[in-house]
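Single-letter residue listing:
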Amino acid sequence: MEIVAKILIAAVALEHLYILWMEMFAWETKGKEVFKAALPPEMFKPTKGLAANQGLYNGFLAAGLIWSFFIEDPKWQTNIALFFLGCVVVAGIYGAISATKKIFFVQALPAILAIAAVLLK
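Residues numbered from 1 in each chain as written. Predicted model: local features only at pLDDT ≥ 70, side-chain atom pairs only at ≥ 80, totals over all residues. Heavy atoms only, no water.

Naming follows an unreviewed UniProt entry, where the protein chain appears as DUF1304 domain-containing protein of Chryseobacterium indicum.

Laid out in structure tokens, this is it:
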């Protein structure tokens, strides 16, 4: 189960690196495709700065999850991974409520599965 947990943590981290890229550097192209149901097309240009800020926070989530791989103490490694996965779950639930329900399945659910795997290892 430890390998499954690490794979799921890595997948969530990679997803958040992708979100960082999309929100910080491709908001008016890829972001427009991804969030077309949540935001009218004319709003992408004026919200570019806000999206970049969100992207930075997603990068912090990815950094925390990646950091957990380098912690040698097993208890601290678990605690740090659970903390950042919990942050991802909260962000995913909030995004599902405030933007589009799809965010729950794309962001929160993978983190919930990773939390389950970490707790079962």
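Structure's up, so let's keep going.
Quick look at the side chain of Thr47 now. When you line up the elements, Thr47 lands in the loop between α2 (27-34) and α3 (48-68). Side-chain polar atoms of Thr47 contact the backbone oxygen of Phe44, separated by 3.3 Å. Setting aside residues up to four positions removed in sequence, Thr47 forms contacts with Trp27 and Leu39. (Helix = DSSP H or I, 4+ residues; strand = E, 2+ residues; numbered from the N terminus. Polar contact = N/O pair within 3.5 Å; in protein donor to acceptor, adjacent residues only side chain to side chain. Contact = heavy atoms within 4.5 Å.)

A few words now on the pattern of salt bridges. Under the counting rule described, the total for this entry stands at two salt bridges. Two residues, Glu28 and Lys48, come together in a salt bridge whose shortest N-O distance is 3.5 Å. Within this pair, whereas Glu28 is found in helix α2, its partner Lys48 is found in helix α3, the two being separated by 20 residues in sequence. On the accessibility criterion, Glu28 (28% relative accessible area) is partly exposed. Taking the relative accessible area as the measure of exposure, Lys48 reaches 43% and is therefore partly exposed. Of the charged contacts in the structure, one is a salt bridge between Glu33 and Lys30, with a shortest N-O distance of 3.3 Å. Of this pair, Glu33 and Lys30 both sit in helix α2, three residues apart, which is roughly one turn of that helix. (Salt bridge = Lys/Arg side-chain N within 4 Å of Asp/Glu carboxyl O. Buried < 20%, exposed > 50% of the residue type's maximum accessible area, 1.4 Å probe, protein only.)

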